[in-house]
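Report on the structure
Spelled out from the first residue to the last, the chains are:
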Amino acid sequence: GQSLEQPSEVTAVEGAIVQINCTYQTSGFYGLSWYQQHDGGAPTFLSYNALDGLEETGRFSSFLSRSDSYGYLLLQELQMKDSASYFCAVRPSPPNDYKLSFGAGTTVTVRA
Amino acid sequence: DAGITQSPRHKVTETGTPVTLRCHQTENHRYMYWYRQDPGHGLRLIHYSYGVKDTDKGEVSDGYSVSRSKTEDFLLTLESATSSQTSVYFCAISKGQGGTNEQFFGPGTRLTVL
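Quick summary incoming for the structure in this document. Keep in mind that what you see is a predicted model, and the values were worked out from it rather than measured. Numbers given for residues are sequential positions, taken from 1 along each chain in its written order. As they are written, the chains are lettered A onward and the ligands numbered 1 onward, keeping that order. For this predicted model, a pLDDT threshold of at least 70 governs which residues receive local features, and a threshold of 80 or more governs which side-chain atom pairs are given and counted, while totals over whole chains, interfaces and linings are taken from all residues. The basis for the side-chain values is all heavy atoms of the structure; hydrogens and waters are excluded.

What follows covers the nonpolar core. By nonpolar core is meant a set of buried Ala, Val, Leu, Ile, Met, Phe, Trp, Tyr and Cys residues that side-chain atoms within 4.5 Å join together. Burial classes follow relative accessibility: with a 1.4 Å probe on protein chains only, a residue under 20% of its type's maximum area counts as buried, one over 50% as exposed, and anything between as partly exposed. Counting 22 residues, the largest nonpolar core has Ile-20, Leu-32, Trp-34 and Tyr-86 of chain A as its most contacted members. At the level of secondary structure, the elements contributing two or more residues to this core comprise strand E2 (9-13), strand E3 (18-26), strand E4 (31-37), strand E7 (60-65), strand E8 (70-75), strand E9 (84-91) and strand E11 (106-111) of chain A. If near-sequence neighbours (up to four positions away) are discounted, Ile-20 of chain A is found in contact with Gln-6, Pro-7, Trp-34, Gly-71, Tyr-72, Leu-73, Leu-75, Tyr-86, Thr-106 and Val-108 of chain A. In terms of nonpolar packing, the next biggest core, distinct from the first, is built from 20 residues, Ala-2, Tyr-64, Val-66 and Ala-81 of chain B among them. Helix and strand labels come from DSSP, where a helix needs a run of H or I of at least four residues and a strand needs a run of E of at least two; each type is numbered from the N terminus. By definition in these notes, contact holds between two residues if any of their heavy atoms fall within 4.5 Å.

We now examine the pattern of salt bridges. Residue and element names in this part refer to chain B. Only one rule defines a salt bridge in this text: a Lys or Arg side-chain nitrogen within 4 Å of an Asp or Glu carboxyl oxygen. This structure, assessed with the given rule, holds five salt bridges over all chains. Residue Arg-44 is joined to Asp-38 by a salt bridge in which the shortest nitrogen-to-oxygen separation is 2.9 Å. Asp-38 matches Arg-44 in its accessibility class, with the two residues each being buried. Note that Asp-73 is salt-bridged to Lys-70, the shortest N-O span being 3.3 Å. The class for Lys-70 is partly exposed, based on a relative accessible area of 41%.

Further remarks concern the sheet that holds strand E1 (residues 2-5) of chain A. Residues and elements named next belong to chain A. An order of E1-E3-E8-E7-E6 is seen for the five strands of this open sheet, with the pairing classed as antiparallel. Unpaired on one side and paired on the other, E1 and strand E6 (53-57) mark the two borders of the sheet. Ignoring strand direction, the axes of neighbouring strands in this sheet form an average angle of 20°. When DSSP finds two or more bridges between two strands, those strands count as paired. The pairing of E6 with E7 spans five bridges and is antiparallel. Each bridged residue has a counterpart across the sheet, and for Leu-54 the counterpart in E7 is Phe-63. A fitted line through C-alpha atoms represents every axis, and for helices the fit uses only the stretch in contact; the resulting angles, taken between N-to-C directions, go from 0 to 180 degrees.

We now examine the state of the cysteines. Here, a disulfide means two cysteine sulfur atoms that sit within 2.5 Å of each other. In the structure shown here, the tally under the stated rule is two disulfides over all chains. The disulfide bridge from Cys-22 of chain A ends at Cys-88 of chain A, spanning 2.1 Å between sulfur atoms. Because the sign of the S-S torsion sets the handedness, a value of about 75° for the bond joining Cys-22 of chain A and Cys-88 of chain A places this disulfide among the right-handed ones. Of this pair, Cys-22 of chain A sits in strand E3 while Cys-88 of chain A sits in strand E9, and the two are 66 residues apart along the sequence. One disulfide in the model links Cys-23 of chain B with Cys-91 of chain B; its S-S distance is 1.8 Å. The S-S bond linking Cys-23 of chain B to Cys-91 of chain B shows a torsion near -65°; that makes this disulfide left-handed. Taken as a pair, Cys-23 of chain B in strand E3 (residues 19-25) and Cys-91 of chain B in strand E9 (residues 87-94) lie far apart in primary sequence, 68 residues in all. Look at Cys-91 of chain B and you get buried, because its relative accessible area is 0%.

To continue, consider the sheet that holds strand E7 (residues 64-70) of chain B. Residue and element names in this part refer to chain B. Strands sit in the order E1-E3-E8-E7 across an open sheet of four strands; the sheet is antiparallel. The sheet is open, and its two borders are formed by strand E1 (4-7) and E7, each paired with just one other strand. Geometrically, the sheet is characterised by an average inter-axis angle of 20° between neighbouring strands, direction not taken into account. For E3 and strand E8 (residues 73-78), the ladder comprises six bridges, and the chain directions are antiparallel. Bridge assignment links Thr-20 to a residue of E8, and that residue is Thr-77.

Each partner contributes to the interface: chain A provides 17 residues, whereas chain B provides 21 residues. Both faces combined, the contact of chain A with chain B buries some 1,600 Å², and carbon together with sulfur accounts for 57% of it. Of all residues in chain A, Pro-43, Tyr-98 and Phe-102 of chain A bury the most surface against chain B, accounting for 36% of the area lost on that side. At the surface where chain A touches chain B, the tally comes to zero salt bridges. What gets called buried area is simply the loss in accessible area from a 1.4 Å probe that two parts show on being joined, summed for both.

This is the structure we're talking about:
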């Protein structure tokens, strides 16, 4: 099975940088994804790391270290609209690679 | 937008009654999923489908059944609803033949069991 741990809450001011860590334990691992969910909305895909290193997508970047079973999502130049919950998700290795296991989520609150 | 709709969007029911939630997609994707979301638990997989009439259990399948008689529809049934099944239910699809790391979610159904 899989288990993922991430902080429950983070608060920061506009313009700041926030790093959301995710550690995982899994019996098989294909990659790590990140999803964003605004209050009352549906989760939406942000990024995916299959290989070690940093993936950058605009203000958001995601990092993976397979040897440390660890990844993080970096939110830069925070804006009020970034207030949301962020979930990491593990994609297992085949044959179950079409299923995702999600962490409990990190609520990010951006203050003016 | 992956053309996913869920119905109903909100439902209040009583303990012991059967409930069916519907997920409909317009793009004929093979993989469909039902999740429940509760505070402190993130998204937990209930059941999933990898084709018409092909379904399997997720991590929290007790008390739930599913059916998929057409590619576009994936139904989740609570045979006898309990208060512990009060939750927000999300349907999702995965594009591509082998499933992908990216899933697209429907708008959710908020279910309250009294």
